[in-house]
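As a plain string of letters, each chain reads:
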Amino acid sequence: YKWDVDRALEFIEQERITTIAAAPSMMLDLLESPKFEETDTSSLFSLGIGGAATPPRVARLLQDKLPQNFSGTGYGMTETNAQGASLTGQAFVEKPGSAGFPHPIVDFRICDEQGNALEQGATGEIWVRSCTNIREYWNRPEANAEEFRDGWLKTGDIGYLDDQGFLYLADRAKDMILRGGENIYPAEIENELLEHEAVQEVAAIGLPHERWGEEVAVVVHLHADASASEDELVAFARGRLATYKVPSRVFISEQPLPRNATNKILKRQLKEALLAAG
């Protein structure tokens, strides 16, 4: 009933598991577990990753630790009956961080706040059109009027399409940090900090700031027996991110970060806790 990486590794070895579908955080737990090298995982072949944007680190770990894998990720919503984009096989290796290429029955467009289509490569809200989309929400006329337009559905997700048409997710619109008029997407900061060898989990959030409106803060949970200071993590981020995206506040949590039933970090809960603590 709850993800347990040690038990998962036991089952993989005992039952010769070939296929796993998991959230990116669960896949990182698995591949970075101290017990992974002690466990016979040679049966694993197909590993599906979904539920959140997949950090490039996951693809690299899969290549290093399970080179025989045929894995992939994708993008879809309940409202699209899980149709959207897919990324598998060699494309998964060559396009780290992408959510994939649109399915044949799906159209994507990237729009500004007014719903106007943006040029290819520009970042904005993802709109989707497909024969698999729901027609409307049940008894939610305001949401229907806001989120449906001429056959298109607003997803609430931010992303872009590259020059080959592959979809990349930046973040949820509601999680975006607005610092001094600049849009900052937490996933970019999180992906970079996950490259630090001591970091197991990280959540980037916006905290109120008198001058900038919001400042970038990160809550970090480190690997067992690993250490990293707040200054060290800031310096690491500074070497990989634009100056305005570098966290100005770092909080190191002794406990794993809170997650919901689908293993997504509860950022609102973290933010409320930090605000309450002052």
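What counts, and at which threshold
Residues numbered from 1 in each chain as written. Predicted model: local features only at pLDDT ≥ 70, side-chain atom pairs only at ≥ 80, totals over all residues. Heavy atoms only, no water. Helix = DSSP H or I, 4+ residues; strand = E, 2+ residues; numbered from the N terminus. Areas by Shrake-Rupley, 256 points an atom, 1.4 Å probe, with all protein chains shown as cover. Lys, Arg positive; Asp, Glu negative; His and termini not counted. Charge placed at Lys NZ, Arg CZ, Asp CG, Glu CD. Buried < 20%, exposed > 50% of the residue type's maximum accessible area, 1.4 Å probe, protein only. Contact = heavy atoms within 4.5 Å. Phe/Tyr/Trp six-rings, centres within 6.5 Å; stacked < 30°, edge-to-face > 60°. Lys NZ or Arg CZ within 6 Å of the ring centre and 35° of its normal. Pairing = 2+ DSSP bridges. Axes fitted to C-alpha atoms, helices over the stretch in contact; angles between N-to-C directions.

A. The arrangement of the overall build of the protein in detail. The helix and strand tally for the protein stands at eight helices and 15 strands. Working note: accessible area of the protein is about 15,200 Å², and carbon and sulfur atoms make up 48% of it. Averaging the locations of the 27 positively and 44 negatively charged side chains of the protein gives two centres separated by 4 Å.

B. Summary view of helix α3 (residues 56-65). Of all the residues in α3, the buried ones are R57, V58, A59, L61 and L62. Residues of α3 that are buried in the fold lie against α2 (24-32), β2 (46-49), α4 (89-94) and β13 (199-209).

C. Layout of the packing of aromatic side chains. Scanning all chains against the criterion turns up five aromatic pairs. Note on Y75 and F108: the rings are 6.0 Å apart at their centroids and 50° apart in plane angle, and the pair reads as tilted. Pair noted here: Y75 is in strand β3 (residues 72-76) and F108 is in strand β6 (residues 106-111), with a separation of 33 residues, a long-range link. F108 shares its class with Y75; the two are buried. Note on Y137 and F148: the rings are 5.6 Å apart at their centroids and 70° apart in plane angle, and the pair reads as edge-to-face. Here the residue Y137 occupies a position in the loop between β7 (124-130) and α5 (141-147), and F148 occupies one in strand β8 (residues 148-149), the gap between them amounting to 11 residues. Note on accessibility: Y137 and F148 belong to one class, buried. Taking NZ or CZ as reference, R109 lies 4.5 Å from the ring centre of W152, over its face. Taking the ring centre of Y137 as reference, the NZ or CZ of R140 above it sits at 4.5 Å.

D. Local environment of the sheet that holds β13. Across the sheet, which stays open at both edges, the three strands sit in the order β13-β14-β15 with mixed pairing between neighbours. In the strand order of this sheet, the two ends are held by β13 and β15 (249-253), each with one partner. Each strand axis lies, on average, 25° off the axis of its neighbour in the sheet, ignoring direction. Where β13 and strand β14 (residues 213-222) come together, 10 bridges link them in antiparallel fashion. Bridge pairing links E201 to H221 in β14.

E. Region of interest: α2. When you tally the buried positions in α2, you get eight out of nine residues, the bulk of the element. Inspection of α2 places P24, S25, M26, M27, L28, L30, L31 and E32 among the buried residues, and these make up the whole buried set. Among the structural elements, α1 (5-15), β1 (19-22), β2 and α3 are those in contact with the buried residues of α2.

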